[in-house]
Amino acid sequence: MDLPQKIQQLKKEKKAIILAHNYQRPEVQNIADYVGDSIELSRKAMMEKDAEIIVFCAVDFMAESAAVLNPSKKVLLPSTGARCPMAQMLTVDEIKRAKKQYPNAPVVLYVNTLASCKAEADVCCTSANAVEVVQSLKADTVLFGPDMNLAEYVAEKTGKTIIPIPAHGFCPTHLLFQPEDVKVLKMEHPKAVVLVHPECTKEMRAVADFIGSTSKICKYVKESTAQEFIVGTEEGILHRLKKENPNKTFYLAYAGAICPNMKLTTLDRIYEALKEEKHVVTVPEAAAKKARASLERMFEVKS
Ligand code: 13P
Ligand code: SF4
């Protein structure tokens, strides 16, 4: 039996389900029960009824959200080192300081935050619904963290005053994309449509034909009549895009756009974690309760 077969067998024995983010390695996406973006994976984790174990192939904050939303299940993060550096850029103290400075501004936190921070938020958002979440609030001034690029994008779209917390939070992988690289690719492939994740800089967003979360990018490509696409997000998404659209062609806007944390999840680590039921993600109940409320408020917003 090869490793994917062994994982499938173990999964059945242990009544487990495997969820994988769009940035995971191709072989990990191939064995997953569901592949999606951060909001889709959170929803899946929340709705899951039958499984006893959720193996979450992604990074820390996504697995934490699954644990918070589904406290009766065992959530495993196959690689404990898989941490999102952007999520580490915001601390509880920083949020408390900002709240003191702007007592009337609601706190909207991107899901790319630790549960202890989500516990301090009024509502969470993902890149798929950030604009709608901020639009749904009565306030015209909003504290938003930790991604300054997403904050800026939301400000452009809503016309509201968005105060980023911290001032300069960012994703190191999406910062690698440069409009100059897109211009060169456009010269080689003039008909290619440019797709960009909102974690990219304003300069990158300015050269985009479409801006959206990873799953919105996948949906856009499926529905588009175009044949060629320049992709401005982490390279793992190309596997899903090629699988779902075998007759279309994709060019990564920057060949080195790899999230090393997402790539820490391997088949070996999934097998080991499932076999030994190790690397269980836990969130202290006091923080989990408040974080759950912030996530649930996000689900109430129509997007
Ligand atoms: P998505 O919600 O678009 O999948 O984004 C998650 C993420 O970490 C992007 O870097
Ligand atoms: Fe975090 Fe960026 Fe990796 Fe997404 S791509 S998990 S934001 S470091």
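Since the structure is predicted, the reported quantities are computational estimates derived from the model, not experimental observations. (Residues numbered from 1 in each chain as written. Chains lettered and ligands numbered in written order. Predicted model: local features only at pLDDT ≥ 70, side-chain atom pairs only at ≥ 80, totals over all residues. Heavy atoms only, no water.)

**Notes on helix α9 (residues 179–188)**
Then comes step 1: Three or more residues of α9 are buried, namely Pro179, Val182 and Leu185. What you see down the axis of α9 is that its buried residues fit within an arc of 115°, all on one side. In α9, the exposed residues that point more than 90 degrees away from the buried face are Met187 and Glu188.
Then comes step 2: Its buried side turned inward, α9 meets β9 (193–196), α10 (202–206), β11 (228–232) and β12 (249–252). (Buried < 20%, exposed > 50% of the residue type's maximum accessible area, 1.4 Å probe, protein only. Helix = DSSP H or I, 4+ residues; strand = E, 2+ residues; numbered from the N terminus. Arc of directions from axis to C-beta. Contact = heavy atoms within 4.5 Å.)

**Considering the packing of aromatic side chains**
The description of two aromatic rings rests on the distance between their centres and on the angle between their planes.
Then comes step 1: Tallying each qualifying case throughout the model produces 2 aromatic pairs.
Then comes step 2: Each ring, one from Phe210 and one from Tyr220, has its centre 4.4 Å from the other, and the planes form 20°; the classification is stacked. Of this pair, Phe210 sits in strand β10 (residues 210–211) while Tyr220 is found in helix α11 (residues 214–223), placing the two residues 10 residues apart along the sequence.
Then comes step 3: Exposure remark for Tyr220: the relative accessible area of 26% places this residue in the partly exposed category.
Then comes step 4: Considering the side-chain rings of Phe229 and Phe250, the 5.5 Å spacing of their centres and the 20° angle between planes classify their relative orientation as stacked. On the criterion of sequence distance, the pair formed by Phe229 in strand β11 and Phe250 in strand β12 is long-range, its members being 21 residues apart. Considered together, Phe229 and Phe250 belong to a single accessibility category, that of buried residues.
Then comes step 5: Lying over the aromatic face of Tyr271, Lys6 brings its terminal NZ or CZ to 5.6 Å of the ring centre. (Phe/Tyr/Trp six-rings, centres within 6.5 Å; stacked < 30°, edge-to-face > 60°. Lys NZ or Arg CZ within 6 Å of the ring centre and 35° of its normal.)

**Focus: the sheet that holds strand β6 (residues 123–125)**
Then comes step 1: Read across the sheet, 4 strands follow the order β6-β5-β7-β8 without closing on themselves; strand pairing throughout is parallel. What marks the edges here is a single partner per strand, and that holds for β6 and β8 (161–164). Strand-to-strand twist in this sheet, taken as the mean axis angle between neighbours without regard to direction, amounts to 30°.
Then comes step 2: Note that strand β5 (residues 107–110) and β6 share 3 bridges and pair parallel. Bridging across to β6, Val108 finds its partner in Val123.
Then comes step 3: Against the sheet, helix α8 (residues 148–158) engages β5, β7 (141–145) and β8, with an angle of about 175° to β8. (Pairing = 2+ DSSP bridges. Axes fitted to C-alpha atoms, helices over the stretch in contact; angles between N-to-C directions.)

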